[in-house]
Amino acid sequence: MREKLPGGWSEVLKEALETPSFRKLERFVEKERQRYTVYPSEEELFSAFRLTPFARVRVLLLGQDPYHGPGQAHGLAFSVKPGVPLPPSLVNISKELRSDLGPPALTSGSLVSWAEQGVLLLNAVLTVREGEPNSHEGHGWEEFTDAVIRAVSAKPEPVVFLLWGNYARKKRKLIDTQRHEVIESPHPSPLSASGGFFGSRPFSRINDVLMLRGQAPIDWHQPG
């Protein structure tokens, strides 16, 4: 599994990849793939890292768990493959994008274009059994992705961390908030979006921070 991780990231995460926890995780995921349908595919597992090299990370958006339906998860938090109907959380993200920055809403559920512009779309858990949300929680992915968050926090260049929902907000303790901007709100899930996600304007706020630093804004409307 570790051999699928792109070189720049594998160097930064070398210590995390050599822990007993990660070796145990590799064995677990391998057995799960032998017995069940597991998403995303092995080839797409580290898509976020391939599309957003460590040196190019400008924004880290943290999700929790991959989508567990057929054809959805492809290694990017909140994103689905082109042509796949938008899941409810992504529908709400699209609504907030339109409200925040004006039309159009997302024309595709694929967020590849965000990743290519430096937005690391990271789930805390990177695999899931089909039809069973959170089924791979607590098997070692969290230790690995915590190491990812710490590594991004240690970058000399400031990064914007976007934390949606209570699960993501707990990771704030891993971030050097003296150097990095942290934007938090409720999760875009239909269960919580009306409690503060709608109206939080994350996309314009991120772009304001980037432009204050002399960086190009993210084109959030760009189709995936």
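All figures in this text were calculated on a predicted structure; none of them were measured in a lab.

Remember that side chains alternate between the two faces of the sheet whenever the strand is regular. For strand β2 (residues 59–63), the tally of buried residues reaches five of five residues, placing the bulk of the element in the interior. Side chains of β2 alternate between two faces, with Val-59, Leu-61 and Gly-63 and Leu-60 and Leu-62 buried alike. Of the pairings in the sheet, the one linking β2 to strand β3 (residues 119–123) comprises five bridges and is parallel in character. Considered in β3, the bridge of Leu-60 is made with Leu-120. Taken together, the four bridges between β2 and strand β5 (residues 160–164) define a ladder with parallel strand orientation. In the strand pairing of β5, Leu-62 is matched with Leu-163.

Moving on, we come to unusual backbone geometry. Cis geometry marks the peptide bond from Tyr-39 to Pro-40; its omega dihedral reads -10°. With respect to the element layout, Pro-40 can be found in the loop between β1 (38–39) and α4 (47–51). Put simply, Pro-103 and Pro-104 share a cis peptide bond, and its omega is 5°. Structurally, Pro-104 can be placed in the loop between α5 (88–101) and α6 (112–116). Although it is not a glycine, Asn-134 sits at a positive phi angle of roughly 65°. Here Asn-134 is to be found in the loop between β4 (128–129) and α7 (141–153). If you check the backbone angles, Arg-201 has positive phi at about 55° while not being a glycine.

Bringing the environment of Leu-163 into the picture now. Mapping Leu-163 onto the fold places it in strand β5. Of the residues examined, Leu-163 reaches a relative accessible area of 1% and is grouped as buried. Sequence-wise, Leu-163 and Val-182 are 19 residues apart; in three dimensions their C-alpha atoms are separated by 7.4 Å. Leave out the neighbours within four places in its chain, and Leu-163 touches Leu-62, Ala-168, Arg-169, Arg-172, Ile-175, Val-182, Ile-183, Glu-184 and Ser-185.

Before going further, it helps to examine α7. With 13 residues, α7 should cover 18 Å at 1.5 Å per step; its first-to-last C-alpha distance of 18 Å lies within 8% of that length. Among the 13 residues of α7, eleven are classified as buried, and the element is accordingly described as predominantly covered. For α7, the complete set of buried residues consists of Trp-141, Glu-142, Phe-144, Thr-145, Asp-146, Ala-147, Val-148, Ile-149, Ala-151, Val-152 and Ser-153.

Glancing now at the nonpolar core. Among the nonpolar cores identified, the biggest contains 70 residues, and Trp-9, Trp-114, Trp-141, Phe-144 and Val-152 are the most heavily contacted of them. In terms of residues, this core owes the most to one element, α7, which gives seven residues. Once residues within four sequence positions are removed from consideration, Trp-141 is found in contact with Met-1, Phe-22, Leu-25, Val-29, Leu-45, Phe-46, Ala-124, Val-125, Leu-126, Thr-127 and His-136.

What counts and what doesn't
- Residues numbered from 1 in each chain as written.
- Predicted model: local features only at pLDDT ≥ 70, side-chain atom pairs only at ≥ 80, totals over all residues.
- Heavy atoms only, no water.
- Buried < 20%, exposed > 50% of the residue type's maximum accessible area, 1.4 Å probe, protein only.
- Helix = DSSP H or I, 4+ residues; strand = E, 2+ residues; numbered from the N terminus.
- Pairing = 2+ DSSP bridges.
- Contact = heavy atoms within 4.5 Å.
- Expected span 1.5 Å × (residues − 1).
- Core = buried A, V, L, I, M, F, W, Y, C linked by side-chain atoms within 4.5 Å.

By themselves, these observations are geometric and do not establish any function.
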